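Fold and contact review
Chain by chain, the residues run as shown.
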There are 4 protein chains.
Amino acid sequence: MLAKKQLGQRAQRKAQRPQEILEAAFEEFVERGYVATRVEDVASRVGVTKGTIYFYFDTKERLFEEMIRHISVPFSDISANAKNLSGSYSERIRMFIRLLYDRIVMDRNTREMLRFVLTEGSRFPQVVDRHHEEFIVPFKEAARDILEAGVAAGEFRNALAVKIPDAAIGATMMLCVWQMLFEDRKPQDVEAFFEAHMDVILHGLIAKDGTGRE
Amino acid sequence: MLAKKQLGQRAQRKAQRPQEILEAAFEEFVERGYVATRVEDVASRVGVTKGTIYFYFDTKERLFEEMIRHISVPFSDISANAKNLSGSYSERIRMFIRLLYDRIVMDRNTREMLRFVLTEGSRFPQVVDRHHEEFIVPFKEAARDILEAGVAAGEFRNALAVKIPDAAIGATMMLCVWQMLFEDRKPQDVEAFFEAHMDVILHGLIAKDGTGRE
Amino acid sequence: MLAKKQLGQRAQRKAQRPQEILEAAFEEFVERGYVATRVEDVASRVGVTKGTIYFYFDTKERLFEEMIRHISVPFSDISANAKNLSGSYSERIRMFIRLLYDRIVMDRNTREMLRFVLTEGSRFPQVVDRHHEEFIVPFKEAARDILEAGVAAGEFRNALAVKIPDAAIGATMMLCVWQMLFEDRKPQDVEAFFEAHMDVILHGLIAKDGTGRE
Amino acid sequence: MLAKKQLGQRAQRKAQRPQEILEAAFEEFVERGYVATRVEDVASRVGVTKGTIYFYFDTKERLFEEMIRHISVPFSDISANAKNLSGSYSERIRMFIRLLYDRIVMDRNTREMLRFVLTEGSRFPQVVDRHHEEFIVPFKEAARDILEAGVAAGEFRNALAVKIPDAAIGATMMLCVWQMLFEDRKPQDVEAFFEAHMDVILHGLIAKDGTGRE
DNA sequence: GATGAATGAGTCTTCATTCAT
DNA sequence: GATGAATGAAGACTCATTCAT
């Protein structure tokens, strides 16, 4: 009976190997970057040997690419999410940006994904391109949609940033970069930053009079 | 006489060698990152051989560090500059942020410096620390100074962002990141971005009434 | 009943496994040579996995040796055959050499066997030695027997080649080598070659007068 | 003075390195074949380390190819040589075949070259092709020329082998193969073999009648 | 000062072999 | 019997670093 269970566990283990390896790869690549990470480092993090990695992934390059694919969860859901927002447009944009914070500031995977894009982009241009297609473009469009709807509804003034939503939303990136740089060493007060960010841009976007006219 | 001149030129050349090497190193490290750059790549960019590099720099690590030092031009001048700004606080903050754009968006050296901080930070923690001390802290303080003065003068409302100026200024980082990612491939309209950014945050900061009271 | 049949087939299959493997091994070793052939290549040619090969053969080395044994069909029969030849000695030597052509020129197994002897000889000296004992020596002796009998019968002159039959028969090797080198790419007209070969050596061996005396 | 000489020697040494390496490569590749030879084996035969080999040759493959080129001395000279032969056609063909013996039987380089063609041909098809173009074709043509001239002069009968000279000359290959197989272990009496070979084919080719009188 | 031949530690990758299932 | 995941030794190749010239 115990033996049976163990057998089951082993088989289960094997089925999980690829995931385990990809997650170990993520950690190692995050720590040292693509070039400086040894396949053996990944292996010993999983508790196996080099050969096992190569049993599942043809090359280190391939391992990296698949790891990227594995940790990438497209913004598509965010985009969908954005459409389901309700309430005033101020509330909507606030909730939308909150989603963004949850992703690129709070979620380590997404943040490190961005780091990979910056650090390994020249080695893996497809990664940059995919990231652009799947994350950046949908995100910008969703932001613009909300802002434009807010303008149409008279809640926001027709600010320049409506066409260039990054200019309003972009401070998020500053915090993201701080996180990447100092991670634990100089912890940021994310909530305070978020509130300050919202405070500035909502004041900056909201139409001054009740009618939405400036 | 001719000999002298030649010697003079040669001597001059030699005196410049270290600079030349550091600049070549910058280009190569930018292109491939620290690990993937070969000392020989740097050498052939200068037009010398490996050995020459080692005559001037003990190790590749050293070369990298000195290169960083060489391209780093502290924000100290910016900080000083910030104090000399005149005009309305809106104009001052606008001019101050303009300086920032000129540095981290427009100036390749500073931008790539930031990339090094992100990409090689774990290998060269001192670089991150120095960057923090010399760039980030002074810059944040200068920003805060202007904002606080603007509040004191009644021109700005006492927004949350006064204490966390990154929340107002941070969109600059978004553009900087775009530049790093797409450099030439997807050129950005920096001026439009800047104007949109200013438009949002100035509207977001300026006190609504003459008194500065909201 | 059905079950029995299936078992029968399966059992039959299994009984043939070793042969199947040896034949697959032959093809693979021919294609890539001993070192470059992977045990897995052999396995997938049979349609099994690595492990199965190791069930039947202890090591790759062993597999090679047994494969050699399997495809080696000693010349002993030829030697016997030679003794049963009848007709004029010209006809006998012609028929004998014909056998040789059938083997080392036309029969792929024997030809590739020779290639193995040439290519892997230093790795498997026993193979070379066995080949020498079982193929070359008997063959030379059979040839010498025929030639000597032909001389005794007065049909052949007592040429130097009677003691060194390779000197008469050896052109066969030239054709064999061409086959090894160009196999399909530059097909040889074996019949024409054979006739030309016979023509030269029979004219070269036959005694000039009716009596067989020179 | 001694120092100067040593300096000279060192420089000289360096100039010779590529040759030294190619010759060491030849020996190692002969001994173990392409796949089984380690670059380090070649290096230690020269008395240097791996790295040095890679300083001169990009890859092991390249090393092999260049080694082949280095030891290949085309038959072109033989071909020219064949045209300068004088004397009876029997003497000419004898001298021509003698040249062949000197090359493929006696000259280790040429013989091992043939072995490479047989053993590594599938890995280096260009080598086989070059060998065919530069050695085999010219050699066959030269042989045919002599035989045809001998027929025209009435010295040789119009044997089938005139069109297929390999059939007459080919026994050389048998001896060559023996040499490859047994090298030192079973030394051959090359002279006796040569004489037996000549004896058979000259008797086989010379015209029987009064004009080509034997 | 500059060169570039040489070194050797380090890394990716392959593959014969094992063994739990 | 058969499978295929796992191992680890081995080999190609790279590159920071040295040093004789």
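For clarity, every value in this text was computed on a predicted model and none was experimentally measured.

So, how was this worked out
- Residues numbered from 1 in each chain as written.
- Chains lettered and ligands numbered in written order.
- Predicted model: local features only at pLDDT ≥ 70, side-chain atom pairs only at ≥ 80, totals over all residues.
- Heavy atoms only, no water.
- Helix = DSSP H or I, 4+ residues; strand = E, 2+ residues; numbered from the N terminus.
- Buried < 20%, exposed > 50% of the residue type's maximum accessible area, 1.4 Å probe, protein only.
- Contact = heavy atoms within 4.5 Å.
- Areas by Shrake-Rupley, 256 points an atom, 1.4 Å probe, with all protein chains shown as cover.
- Salt bridge = Lys/Arg side-chain N within 4 Å of Asp/Glu carboxyl O.
- Phe/Tyr/Trp six-rings, centres within 6.5 Å; stacked < 30°, edge-to-face > 60°.
- Lys NZ or Arg CZ within 6 Å of the ring centre and 35° of its normal.
- Axes fitted to C-alpha atoms, helices over the stretch in contact; angles between N-to-C directions.
- Parallel < 35°, antiparallel > 145°, perpendicular 65-115°, else oblique.
- Left-handed = near helix turned anticlockwise from the far one by under 90°.
- Nonpolar A, V, L, I, M, F, W, Y, C, P; charged D, E, K, R; others polar.
- Buried area = accessible area lost by both parts, 1.4 Å probe.
- Polar contact = N/O pair within 3.5 Å; in protein donor to acceptor, adjacent residues only side chain to side chain.
- Least-squares fit on C-alpha atoms with pLDDT ≥ 70 in both.
- Expected span 1.5 Å × (residues − 1).
- pLDDT = per-residue confidence, 0-100.
- Core = buried A, V, L, I, M, F, W, Y, C linked by side-chain atoms within 4.5 Å.

What follows covers the overall build of chain A. The helix and strand tally for chain A stands at 11 helices and zero strands. Looking at the 214 residues of chain A, the share that counts as buried comes to 50%. Here the analysis covers contacts within chain A between residues at least 6 apart in sequence; of these, 70% occur between residues at least 24 apart. Here chain A displays about 10,000 Å² of accessible surface, and carbon together with sulfur accounts for 51% of that area.

Now for the pattern of salt bridges. Applying the stated rule across the entire model yields 80 salt bridges over all chains. A salt bridge links Arg130(B) to Glu134(B), with the shortest nitrogen-to-oxygen separation between them at 3.5 Å. Of this pair, Arg130(B) and Glu134(B) both sit in helix H8 (residues 125-152), separated by four residues, roughly a single helical turn. For Arg130(B), a relative accessible area of 25% puts it in the partly exposed group. Three or more residues joined by partner-sharing salt bridges are found here, namely Glu28(A), Glu31(A), Arg32(A), Arg38(A), Glu40(A), Asp41(A) and Arg45(A).

Tallied over the full model, the rule gives 46 aromatic pairs over all chains. Centroid distance Phe55(B) to Tyr56(B): 5.1 Å. Interplanar angle 85°. Geometry classified as edge-to-face. Through pairs of rings, three or more aromatic residues link up here, namely Phe26(A), Phe29(A), Tyr34(A), Phe64(A), Phe116(A) and Phe124(A). One residue, Lys186(C), lies across the ring of Phe182(C), its end atom 5.5 Å from the ring centre. Cation over ring: Arg98(D) sits above Phe194(D), and NZ or CZ is 4.8 Å from the ring centre.

Residues and elements named next belong to chain A. Packing of helix H7 (residues 108-119) against helix H8 (residues 125-152) brings their axes to within 9 Å, and their N-to-C directions diverge by 135°. The pairing of H7 with H8 is recorded here as oblique in orientation. Crossing angle aside, the handedness with which H7 passes H8 is left-handed. In this structure, H7 uses Thr 110, Met 113, Leu 114 and Val 117 to contact H8, whose residues at the interface are Val 127, Val 128, His 131 and Phe 135. Looking at the contact of H7 with H8, its residues break down into six nonpolar, two polar and no charged.

This brings us to the interface of chain B and chain A. Note: interface size is frequently given as the accessible area lost on complex formation between the parts. Across the boundary between the two partners, chain B contributes 48 residues, which contact 47 residues of chain A. Roughly 4,200 Å² of surface becomes buried between chain B and chain A when both sides are summed, with 72% attributable to carbon and sulfur atoms. The three residues of chain B that bury the most area against chain A are Leu118(B), Met174(B) and Val200(B), which together make up 15% of that side's buried surface. Linking chain B with chain A are four salt bridges. Where Asp129(A) meets Arg185(B), a salt bridge forms, and the shortest distance between an N and an O atom there is 3.1 Å. The interface formed by chain B and chain A includes 13 residue pairs in polar contact (both at pLDDT 80 or more). Contributing elements (two or more residues each) for the side of chain B that touches chain A: helix H1 (2-36), helix H7 (108-119), H8, helix H9 (166-169), helix H10 (171-182) and helix H11 (190-205) of chain B. Per-element tally for the side of chain B that touches chain A: the top contributor is H11(B), with 11 residues.

The relation between the two chain copies is a rotation about an axis coupled with a shift along that axis. Between chain B and chain A, which share one sequence, the superposing operator has a rotation angle of 179° and an axial displacement of 0.0 Å; the RMSD is 0.1 Å. Those values place the two copies in the arrangement expected of a two-fold rotation axis. Mapped onto chain A, 98% of the interface residues of chain B again fall at the interface, so both copies present the same surface.

This next bit is on the relation of the copies chain D and chain C. Placing chain D over chain C gives an RMSD of 0.2 Å and needs a rotation angle of 179°, together with 0.1 Å of translation along the axis. With an isologous cut-off of 70% or more, the 98% of interface residues of chain D that recur at the interface of chain C puts this contact in the isologous class.

All names here are of chain D. The first and last C-alpha atoms of helix H10 (residues 171-182) sit 17 Å apart over 12 residues, in line with the 16 Å expected at 1.5 Å per residue. The buried count for H10 comes to 12 of 12 residues, which makes it a mostly enclosed element. Taken together, the buried positions of H10 are Ala 171, Thr 172, Met 173, Met 174, Leu 175, Cys 176, Val 177, Trp 178, Gln 179, Met 180, Leu 181 and Phe 182. Phi turns positive one or two residues past the end of H10, at Glu 183, with a value near 35°.

In this section: the interface of chain D and chain C. Contact residues are listed per partner, giving 48 residues for chain D and 47 residues for chain C. Summed over both partners, the interface of chain D with chain C comes to about 4,200 Å²; 72% of that surface belongs to carbon and sulfur atoms. For chain D, the biggest contributors to the area lost against chain C are Leu118(D), Met174(D) and Val200(D); these three give 15% of the whole. Where chain D meets chain C, there are four salt bridges. Inspection of the region where chain D meets chain C yields 13 residue pairs in polar contact (both at pLDDT 80 or more).

Residues and elements named next belong to chain A. The predicted model of chain A has a mean per-residue pLDDT of 88, with 90% of residues at 70 or higher. Confidence, read as mean pLDDT per element, is least for helix H5 (residues 76-83) in chain A (75) and greatest for helix H11 (residues 190-205) (97). Here residues 1-7 scores under 50 on pLDDT; set against residues more than four positions off or in separate chains, the count is zero contacts. Per-residue pLDDT stays below 50 along residues 210-214; that stretch engages in 10 contacts with residues further than four places along the chain or on separate chains.

Before going further, it helps to examine the packing of helix H6 (residues 89-106) of chain A against H11(A). Residues and elements named next belong to chain A. Relative orientation of the contacting elements H6 and H11 amounts to 145°, with a least axis distance of 11 Å. In this structure, H6 crosses over H11, and the sense of that crossing is right-handed. Judged by residue contacts, Ser 90, Ile 93, Arg 94, Ile 97, Arg 98, Tyr 101, Val 105 and Met 106 of H6 engage Val 190, Glu 191, Phe 193, Phe 194, Glu 195, His 197, Met 198, Ile 201 and Leu 202 from H11. The residue makeup of the contact of H6 with H11, split by class, is 11 nonpolar, two polar and four charged.

As a further point, take H8(A). A rise of 1.5 Å per residue sets the reference length of H8(A), with its 28 residues, at 40 Å; its end C-alpha atoms lie 39 Å apart and thus fit the reference within 8%. Gly154(A) lies just past H8(A) and shows a positive phi near 80°.

Let us now look at the nonpolar core. Grouped together as the largest cluster of nonpolar side chains are 145 residues, with contacts concentrated most on Met67(C), Phe96(C), Met67(D) and Phe96(D). If near-sequence neighbours (up to four positions away) are discounted, Phe96(C) is found in contact with Ile78(C), Ala82(C), Leu85(C), Phe139(C), Ala142(C), Ala143(C), Ile146(C) and Ile169(C). One finds Phe26(A), Phe64(A), Ala24(B) and Phe29(B) within the second-largest nonpolar core, a separate group that totals 144 residues.

Residue and element names in this part refer to chain D. Within the secondary structure, His 131 is located in helix H8 (residues 125-152). In this structure His 131 comes out as buried when scored by relative accessible area, which is 6%. Among residues more than four places away in sequence, those in contact with His 131 are Met 113, Leu 114, Val 117 and Ile 136.

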